[in-house]
Amino acid sequence: MFDNTHAHITTWVIAIILFFVAVGLHNAGKKKGMKVVHMILRLFYLLIILTGALLFWKHQGINPALYGIKGLVGIWVIGMFEMVLVRMNKGKSTKMFWIQLIIALIIVLYLGLRLPLGLNFLG
Ligand code: HEM
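Chains are numbered independently. Their residues run from 1 in the order of the written sequence. Reporting of local features is limited, given that this is a predicted model, to residues whose pLDDT is at least 70; pairs of side-chain atoms are given and counted only at 80 or more, and all residues count toward the totals for whole chains, interfaces and linings. Neither water nor hydrogens contribute to the side-chain values; these are computed over all heavy atoms in the structure.

## Focus on the site of the ligand
Inference 1: Residue proximity to a molecule or strand is established when one non-hydrogen atom of the residue lies within 4 Å of it. By nearness alone, 24 residues border the ligand, and Thr5, His8, Tyr67, Lys70 and Leu119 come closest of all.
Inference 2: As used in this structure description, the phrase polar contact means that two N or O atoms lie within 3.5 Å; if the pair is within protein, one of them must be able to donate a hydrogen and the other to accept it, and residues adjacent in sequence are counted only when both atoms belong to side chains. Within the side chain of threonine 5, a nitrogen or oxygen atom sits 2.5 Å from an oxygen atom of the ligand.
Inference 3: The contact in question runs from an oxygen atom of the ligand to an N or O atom on the backbone of leucine 119, over 2.8 Å.
Inference 4: Here a cavity denotes a set of grid points, spaced 1 Å apart and computed over the protein atoms alone, in which a 1.4 Å probe fits but from which it cannot get out, and a pocket denotes an open set meeting protein on both sides within 12 Å along at least five of seven lines; residues with an atom within 4 Å of a point are reported as lining. Throughout, a molecule is located in a cavity or pocket provided that more than half of its atoms lie within 2 Å of its grid points. One can see that the ligand is located within the largest pocket.
Inference 5: The helix count covers DSSP runs of H or I at least four residues long, the strand count covers runs of E at least two residues long, and both are numbered beginning at the N terminus. Every element with two or more residues in the shell around the ligand is listed here: helix 1 (6–27), helix 2 (31–59), helix 3 (64–90) and helix 4 (95–114).
Inference 6: When residue character is reported, Ala, Val, Leu, Ile, Met, Phe, Trp, Tyr, Cys and Pro are called nonpolar, Asp, Glu, Lys and Arg charged, and the others, Gly included, polar. Of the residues belonging to the shell around the ligand, the class tally is 16 nonpolar, seven polar and one charged.

What follows is the structure in structure tokens.
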């Protein structure tokens, strides 16, 4: 949990899958199912932040600025998951939030893979 990124990767991979399942259920008109998946997704937000924060506390000394930005952009991704789903439910436009989600996701994957723990082939 502190020294390798496996737990952290597991939490955000599951969250991305749950996010798309929630979008799919919404598009299929399955409101109740979507609500349940959305609740589980919210639990995974906490797990992503917890596993990310544990890595952060232990290793940020390597490069505090980049680790700080990595954490903030990670929270930005989570914020955009939430904005898309909540606005979808309200029938409001989600386009700006989808765009931000894609940008934030690219940045967080890039930073995560560049930073020294785990995979860092962008090095
Ligand atoms: C959906 C949101 C997030 C995604 C998609 C994501 C993605 C990633 C990826 C791809 C890695 C690299 C794994 C590896 O190289 O083995 C990583 C590592 C890391 N993440 Fe996240 N992350 C997210 C949220 C967060 C949050 C909220 C925090 C802080 C609270 C955080 C802190 C970290 C730290 C400290 C590392 C270790 C960096 C290193 O390789 O040295 N992440 N994350």
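## Topic: the coordination of the iron atom of the ligand
Inference 1: Donor atoms from the polypeptide that bind the iron atom of the ligand are His8 (NE2) and Lys70 (NZ), placed at 1.9 to 2.0 Å.
Inference 2: Any N, O or S atom lying within 2.8 Å of the metal counts as a donor, and for Na, K and Ca the limit rises to 3.2 Å; water is left out, so some sites can look incomplete. A site with four donors is called tetrahedral when every donor-metal-donor angle falls between 85 and 135 degrees; four donors are called square planar, and six octahedral, when opposite donors sit more than 155 degrees apart and all other angles fall between 65 and 115; any other arrangement is irregular. Around the iron atom of the ligand, the six donor atoms are arranged such that angles at the metal cover 83 to 177 degrees; this shape is classified as octahedral. Placement of histidine 8 in helix 1 and of lysine 70 in helix 3 is noted, with a sequence separation of 62 residues between them.
Inference 3: Each residue is assigned to one of three classes by its accessible area relative to the maximum for its type, calculated with a 1.4 Å probe on protein chains only: buried under 20%, partly exposed between the two thresholds, exposed over 50%. According to the relative accessible area criterion, histidine 8 is buried, its value standing at 12%.

## Details of the packing of aromatic side chains
Inference 1: Each Phe, Tyr or Trp ring (for Trp, its six-membered ring) is paired with any other whose centre lies within 6.5 Å, and the angle between the two planes then decides the class: stacked below 30 degrees, edge-to-face above 60, tilted in between. Applying the stated rule across the entire model yields five aromatic pairs.
Inference 2: Ring plane angle 25 degrees and centroid distance 4.7 Å describe the contact between phenylalanine 19 and phenylalanine 81, whose orientation is recorded as stacked. Residue phenylalanine 19 is found in helix 1, and its partner phenylalanine 81 is found in helix 3; the two are separated by 62 residues along the sequence.
Inference 3: Phenylalanine 81 gets classed as buried once you look at its relative accessible area, which sits at 3%.
Inference 4: An angle of 35 degrees between the planes, with centres 6.2 Å apart, marks the rings of phenylalanine 20 and tryptophan 98 as tilted. Here tryptophan 98 lies in helix 4 and phenylalanine 20 lies in helix 1, a separation of 78 residues in the sequence.
Inference 5: The exposure class of tryptophan 98 is partly exposed, given its relative accessible area of 23%.
Inference 6: Ring pairing ties together the aromatic residues Phe19, Phe20, Tyr45, Phe81 and Trp98, which thus form one cluster.

## Things to note about the layout of surface pockets
Inference 1: Grid points are joined across faces, edges and corners, and a volume is the space filled by probe spheres set on the points. Put simply, the largest pocket is a space of about 710 Å³.
Inference 2: For the largest pocket, the lining is made up of 30 residues, of which His8, Trp12, Gly52, Lys70 and Val108 are closest to its centre.
Inference 3: Looking at the lining of the largest pocket, the elements that each hand over two or more residues are helix 1, helix 2, helix 3 and helix 4.
Inference 4: The leading source of residues in the lining of the largest pocket is helix 3, at nine residues.
Inference 5: Here the lining of the largest pocket is composed, by residue class, of 21 nonpolar, eight polar and one charged.

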